[in-house]
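# Summary of structural features
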Amino acid sequence: MPSELEDLVEFLHHGNTQIRQVAVEHLVGYSATHTTLFKKDKLLPVRDLKLLVKDYAPISKNVMTILINISHDQEVLECLAKDNAFLELLLGRITSTKEPNANEIAMLLANMAKSDDMQRVLELQRDIPKELSNSKWAMDQLLDCFVKGAEGRYNKYADYDYLSYFFADLAKFPKGRAYLTTPQPHDANIIPLAKLIVFTEHASSVRRRGVASAIKNCAFDIHVHDRLLSDAPITGVNLLPYILLPIMGGEEYSDEDTEGMLDDLQLLPPDKEREKEADIIKTHIETLTLLTTTRGGREVLRRIKVYPIVRETHLHVDDEEVREACDRLVQVIMRDEEGEGKKTGDKGKMIALEAEEEDEDEQIVDIL
C-alpha cells in the first residue's frame, strides 16, 4: 500500500485534470495518518498541494482537507506559514463572496496561526474586497468575514466559524492581543475584541469556543483589564456580561444576591440555558480569574456579585475541572485584602494559569 500511495502522490502535479482529481480523492483519506507521504523530495507534494488550491473546486476542496490534516507537522506548517504568496492566495479566496471552500481555508488559517511567522498578518496590507470591507488591513478583513459572514450571510458556502480559532491563536502573541484590545482609528476607534464577544452565546460551539479562548488570551495582558471591564461607550469593551451570561442558567437569586448584579444578568427567564460545553464554561471562569489579578478587578467582581453566579455554576455543572476552576476563582474574590502589599500571590496565580495543560484552541484542527 505505501508504494501505491507514493505513486498517487506523484500524480499531484500531473497535467491531466482527471488524474489529479483521482489522486487527491484517494489521498485525502490517508492524510491524517500518513503525513510522511507528503514530505518526500523536500516537501515537493506540499508545494504541489499549495498550487492545487487554485484548481477546480472538486480538487481544491480535497486539497484543502489534506493540507489541514498534515499541517500538524512542524515542517509542513512552516512551509505553509512562511509562504507569502500562499498566504495572499488564501486571503484572496476567503474574502470572496463566491469561494466554496472558505470554511476549509478558515480551518487551515487557524492551523497556520500556530506558527510564529503568522504574526506578520497583523501588519499586512492588501487590496480591499469592497463587498466585504473598507479596510486595507488583512486582520480587519478577516474580522469582517467572521462578523458579517456568520451563518452564511456574506458567502452562502461559509460560516467562517473557525476564524475564531485563528483569532484565539494570534492572541497568544503580544501583537495579536494588542490588535484585539486597541481602538482602531480607521474603524471609528472600535476595539476589535468588542466585535467578537457578542458571539459567546452563538449557536455554533466552534465559534463560542474560539471566541472564549481569544477573550481569555487577551486577559493575560493586565494593562488592558480596565478597558475590558469598562462599559464606557467606544473606549470600553464591556466584557463581563458576555462571559457571565453563558455560565448562568435559569436559577433564582435572592434579593441580597442580585443587589449590585449587572442589569443584563437579572430577571433571566426560568428556561435560560447555561453553556452546554464544559470546556467553554471553564475558559470563561479562567478569564474571570485572570481579571482578579489586580485589586481593582477583584473589587469590580465583588461589586457586581460574581460570587453567587459562580456558586450556582459550581452547583449545577457536573464537571470536575469546572468545579476546580470555580473554587480557584472563589478563593480569590472572597479572600481578605489585608496584606495586599505581598504581590507574589497574584503573580503566582498568573503563572499557574499559564502553565495549565493546553486548551482546545491550542490544538491543531484535524479534519478527517
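This is a predicted model, so every value here is computed, not measured. (Residues numbered from 1 in each chain as written. Predicted model: local features only at pLDDT ≥ 70, side-chain atom pairs only at ≥ 80, totals over all residues. Heavy atoms only, no water.)

### Thoughts on helix H18 (residues 306-316)
Filter applied, for reference: Burial classes follow relative accessibility: with a 1.4 Å probe on protein chains only, a residue under 20% of its type's maximum area counts as buried, one over 50% as exposed, and anything between as partly exposed. Helix and strand definitions follow DSSP, with helices as H or I runs of at least four residues and strands as E runs of at least two, each counted in order from the N terminus. Any two residues having at least one pair of non-hydrogen atoms within 4.5 Å are treated as being in contact.
When we look at burial in H18, the residues that qualify are Val306, Pro308, Ile309, Val310, Glu312 and Thr313. Elements in contact with the buried residues of H18: helix H14 (240-244), helix H15 (255-258), helix H16 (278-290), helix H17 (295-303) and helix H19 (320-333).

### What about the UniProt feature "domain: Protein HGH1 N-terminal" (unreviewed entry) in the protein?
Our working rule: UniProt positions are given in the numbering used here, feature names are shortened, and annotations may be inferred rather than shown by experiment.
Residues given the UniProt feature "domain: Protein HGH1 N-terminal" (unreviewed entry) here are residues 94-282. Its end C-alpha atoms 31 Å apart, residues 94-282 is made of 41% helix and 0% strand.

### Some points on the packing of helix H3 (residues 40-52) against helix H4 (residues 57-70)
Working note: a packed helix pair is described by the angle between its axes plus the distance between those axes. Under the convention used in this document: The axes used here are C-alpha line fits, helices contributing only the stretch in contact, and every angle between their N-to-C directions lies in the interval 0 to 180 degrees. Here is the rule for angles: anything less than 35 degrees is roughly parallel, anything more than 145 is roughly antiparallel, 65 through 115 is roughly perpendicular, and the remaining ranges are oblique. By the definition used in this description, the sense in which the near helix is turned from the far one sets the handedness, with an anticlockwise turn below a right angle giving left-handed and a clockwise turn giving right-handed. For this classification, the nonpolar set comprises Ala, Val, Leu, Ile, Met, Phe, Trp, Tyr, Cys and Pro, the charged set comprises Asp, Glu, Lys and Arg, and every other residue, Gly included, is treated as polar.
Put simply, H3 and H4 touch, their axes get as near as 9 Å, and they point 140° apart. The angle between the axes of H3 and H4 places the two elements in the oblique class. Two packed elements cross with a definite hand, and for H3 against H4 that hand is left-handed. Listed contacts from H4 to Val46, Leu49 and Leu52 of H3 are Ser60, Val63, Ile66, Leu67 and Ile70. Its residues assigned to classes, the contact of H3 with H4 shows 7 nonpolar, 1 polar and no charged.

### Quick notes on the packing of aromatic side chains
Just so we agree on the cut-off: When two rings of Phe, Tyr or Trp (its six-membered ring) have centres within 6.5 Å they constitute a pair, described as stacked for plane angles under 30 degrees, edge-to-face for angles over 60, and tilted for the intermediate range. We count a charge as sitting over a ring when the NZ of a lysine or the CZ of an arginine lies within 6 Å of the ring centre and within 35 degrees of the ring normal.
By the definition in use, this model includes 4 aromatic pairs. Summarising the aromatic geometry, the rings of Phe166 and Phe167 are spaced 5.8 Å apart at their centres and angled 65° between planes, so their arrangement reads as edge-to-face. You'll find Phe166 and Phe167 in the same group, each marked buried. Taken together, Phe146, Phe166, Phe167 and Phe199 form an aromatic cluster joined through their ring pairs. Residue placement shows Lys50 over the ring face of Phe86; its charged tip is 5.9 Å from the ring centre.

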